[in-house]
Amino acid sequence: MTLASSRIATAVAIAVSAVAAVGAIAIDVVVLAAHPQPPLSPGWSGVLPGVAMLIPGALLMWRLPWHPIAVVLTGFGTLWVVDGLASAAVNLAWYTDREAWWAVPAMWFFGRLGSVLILPIQLLLLLFPDGRLRRGGWRAVSVVAIALGLVMPFAFILAPAEALVADDPDRAELLALFDPALPTLPLPDAAWSLILGLALPCMAASLVLALVVCVSRRFRAGPEERAQLRWLVWSGVVFVGVLPIYPLVPTVVVDVLLGATIGLISASVVVAVTRYRLYAIDRLLSWTLVYAVLIGAIVAVDVLVVLVVGSAIDDRVAMLLAVVAVTIAYAPLRARLFAIANRVVSGRRADPYGVVSSLGERLTRAGGTAEQLRALATAVAEAFASPYVRVELDRPDGTRLSSSVGVPAPDLVEVPIDHATGTIGRILMEPGRRPVVSERDQRLLGDLVRLAAAAILDGELRRELQAIRERLVLAREEERSRLRRDLHDGLGPLLAGVKLRLETARNLAERDPARSVALVDAAVEDQAEVIGEVRRIVHDLRPPALDDLGLARAIEQQAERLTGAGLVVGIDVAEPPGPASTLPPAVEVAAYRIASEALANARRHSGASAVQVRIAADDRALTVDVRDDGTGIPADAVRGVGLRSLHERAAELGGSLRIDSGDGGTLVRAVLPIAAATHDDAIPPHAPAPAPDAAAPAPAPDAPAPGAPRPETPEETHADVR
């Protein structure tokens, strides 16, 4: 059985049931107005339980091809509706035309075939929820329950009219007029009397056995399946419990009770599907039922309006004109009420322009990113009637900002928030009664995401710009303070000492030449310390190795210093960056600092035996990769100052830095644009300012001479990055 055949059968069942339901209700309106107590049950008594079974059954058939539960609900729901039409047709023929051709087949359908209409109750109790009979000894009990349930259909379909009349004399006149002359099973009258007498007890026993089998499923079921079965068991107990009342009450009460209890069993299936998400059609079934109730209410109001106006005016022409006038006046109100109900069920998705416009106004009024996220969450919740929506924003510094509306739910659908720079966040939403499945819904959700992404990113850039300005001012003042301290506390006293020695030597030159020469020699020694202090200050501003050796050789020098103690560092220059003059100074410094910090980090924390540095450049960007074979960064590691420094050094030039870590080691990849830095060495407005380097210690007395490159040590330049 294919999905296509299942859907064709579903469409046929719905069409047949719709025609039968309309016909039954129309006949009831005609017959019951003049004859409140017809010979057979009115048509609505079959239509109501039939519709209650057909709606969930048709939805199941549409999604689950030929599922046994779906087949039972759809098939018998259709039979119930047609049975309602048959009983209404017999009532109409009884009062209007007893020779009508449709009366005979209608009587056979209602009086004989209608005896099978209780059978779906046993089948649902036996098959729910997986559509299969229980195994082992319970399968035999299930077969016995089905066999007992077939006794009544066997008796009513195959018994001769005389046996049916003997069993219930009230059927005599109807059977004499409308019973078809079809072949019956030739059994003795005593046998038929016994079978017909046992039909109702067998039906009751069948229902009890089926209920016992259904209850037995709960003992070895999981918590969710027990919850699903609880509702069906409860409705089954109610159905069986009211059976003894039927012989004691009028027919109209029996019709009401039978329709109510069958509807209750169908409702228990709906609850199992919607509340416990059985068969994965819970939301589809929910909003379909709501729409069915809504349309029924609107039709009922329309009929009530016509009846009220018609009963108030005797003149038929005046009544017709009044009905038309009232209908025209009432139509806008009805449309408004339908729109309100539709908004409750489906949200504001029917008015995409209004949704987008409302979101734009909220984003404009929002005072910050948090309020913008809440505005987006509210707009999505209202547009798609979602009970819960959470919007998350991933910031460049690794933090996450979120805002939500509604009560959190376990099963959420994730929608990424994409921008030109990549995914900047996500929307986590619980689907509403009507899922977001149509192309129009997808376009609306995409429009909301794009509008909010642009506004949120703009707000974030403004926030970052303000923070960058503050950090730039702070960094500038800190750098000025550091230089002031270095000059005042370090270089100043040294130069003052040299000056005092030289002045003293000048004063002693004529009186004590030997002591004067000694002071000059001491001043020369002090001058060497002055040169070392100047070199340290200059080194903090820009590593001299970059000017003396170039970027690649400077990184090689750092690698040579770190090689040893079980660690081997290799350098691979895939595309030589060329002389120092071809790279912007800011790019050189950033690449050198990132590579140095990553190397120092690998040696300190990774436990690696080998580290490979790869440098590649083209006309647009310089790429620096540092890969080690260590243990990687733990998943619960706290983001330290070093990691933030790596990201900030790349971001200040408009570049990017990515850290991939796993059992096989860690890869640090920095991509630094060359063109942007060449055109403008200033910090771009969207990048955070780097923290100034800490001052390095004073050089040792055996420091290299001025002009010679002095390699950095990890202790001088690298912060702990893990």
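Remember, predicted model here, so these are calculated numbers, not experimental data. (Residues numbered from 1 in each chain as written. Predicted model: local features only at pLDDT ≥ 70, side-chain atom pairs only at ≥ 80, totals over all residues. Heavy atoms only, no water.)

### Some details on the sheet that holds strand β5 (residues 568-573)
If you trace the 5 strands from one edge of the open sheet to the other, you get β5-β6-β7-β9-β8, paired in mixed fashion. Every other strand in the sheet has two partners, leaving β5 and β8 (656-662) as the edge strands with one partner each. Put simply, the sheet's adjacent strands are angled 10° from each other on average, direction ignored. Across 7 bridges, β8 lies against strand β9 (residues 665-673) in antiparallel orientation. When the sheet's bridge partners are listed, Asp660 is paired in β9 with Leu667. Contacts from helix α20 (residues 551-562) reach β5, β6 (610-617) and β7 (621-628) within the one sheet, and its direction differs from that of β5 by about 170°. Relative to the sheet, helix α21 (residues 585-606) contacts β5, β6, β7, β8 and β9, its axis offset from that of β7 by approximately 5°. (Pairing = 2+ DSSP bridges. Helix = DSSP H or I, 4+ residues; strand = E, 2+ residues; numbered from the N terminus. Axes fitted to C-alpha atoms, helices over the stretch in contact; angles between N-to-C directions. Contact = heavy atoms within 4.5 Å.)

### Side note on the packing of aromatic side chains
One pass over the structure, following the stated rule, counts 2 aromatic pairs. For the ring pair Trp101 and Trp102, a centre distance of 6.2 Å and an interplane angle of 90° mean the geometry is edge-to-face. Since its relative accessible area comes to 27%, Trp102 is described here as partly exposed. Across from the ring centre of Trp94, 3.8 Å away, lies the NZ or CZ of Arg98, which sits over that ring. (Phe/Tyr/Trp six-rings, centres within 6.5 Å; stacked < 30°, edge-to-face > 60°. Buried < 20%, exposed > 50% of the residue type's maximum accessible area, 1.4 Å probe, protein only. Lys NZ or Arg CZ within 6 Å of the ring centre and 35° of its normal.)

### Describing the side chain of Thr10
Mapped onto the elements of the fold, Thr10 is located in helix α1 (residues 3-34). Of the residues examined, Thr10 reaches a relative accessible area of 1% and is grouped as buried.

### Things to note about the nonpolar core
Counting 64 residues, the largest nonpolar core has Phe178 and Phe239 as its most contacted members. Residue contributions to this core peak at 11 residues, all from helix α3 (residues 68-96). Beyond its immediate chain neighbours, meaning those up to four positions away, Phe239 contacts Ile118, Ile121, Leu207, Leu258, Thr261, Ile262 and Ile265. In this structure, Ala595, Ile615, Val624 and Val668 belong to the second largest nonpolar core, which totals 37 residues. (Core = buried A, V, L, I, M, F, W, Y, C linked by side-chain atoms within 4.5 Å.)

### Description of the sheet that holds strand β3 (residues 413-419)
Taken in spatial order, the 4 strands of this open sheet run β2-β1-β4-β3, and their pairing is antiparallel. The two strands at the open ends of the sheet, each matched to only one other strand, are β2 (400-406) and β3. Pairs of neighbouring strands in the sheet enclose a mean axial angle of 20°, with direction left out of account. Direction of pairing for strand β1 (residues 388-394) relative to strand β4 (residues 422-429): antiparallel, over a ladder of 5 bridges. Bridge pairing in β4 links Glu392 to Arg426. Where helix α16 (residues 369-384) meets the sheet, it contacts β1, β2, β3 and β4, and its direction lies at approximately 35° from that of β2.

### Digging into the packing of helix α6 (residues 137-149) against helix α7 (residues 151-158)
Where α6 meets α7, the axes come as close as 4 Å, and the angle between the chain directions of the two elements is 25°. Judged by the inter-axis angle, α6 sits roughly parallel to α7. In this structure, α6 contributes Ala147, Leu148 and Gly149 to the contact, and α7 contributes Val151, Met152 and Pro153. Classifying every residue of the contact of α6 with α7 gives 5 nonpolar, 1 polar and no charged. (Parallel < 35°, antiparallel > 145°, perpendicular 65-115°, else oblique. Nonpolar A, V, L, I, M, F, W, Y, C, P; charged D, E, K, R; others polar.)

### Description of unusual backbone geometry
One non-glycine residue with positive phi stands out, namely Trp66, at about 55°. Its place among the elements puts Trp66 in the loop between α2 (44-63) and α3. For Trp66, a relative accessible area of 28% corresponds to the partly exposed category.

### Some details on a nonpolar patch on the surface
On the surface, a cluster of nonpolar side chains totalling about 260 Å² of accessible area is made up of Ile8, Val12 and Val16. Relative to the elements of secondary structure, Val16 occurs in helix α1. (Patch = residues over 30% accessible without salt bridge, like charges linked within 9 Å, V, L, I, M, F, W, Y side chains within 5 Å. Areas by Shrake-Rupley, 256 points an atom, 1.4 Å probe, with all protein chains shown as cover. Salt bridge = Lys/Arg side-chain N within 4 Å of Asp/Glu carboxyl O.)

### Description of helix α15 (residues 352-365)
An ideal rise of 1.5 Å per residue puts 20 Å on 14 residues; α15 measures up with 20 Å between its terminal C-alpha atoms. All of the buried residues in α15 are Gly354, Val355, Ser358, Leu359 and Leu363. Across the axial projection of α15, the buried residues extend over an arc of 165°, all falling on one side. Opposite its buried face, α15 presents the exposed residues Tyr353 and Thr364, each directed more than 90 degrees away. (Expected span 1.5 Å × (residues − 1). Arc of directions from axis to C-beta.)

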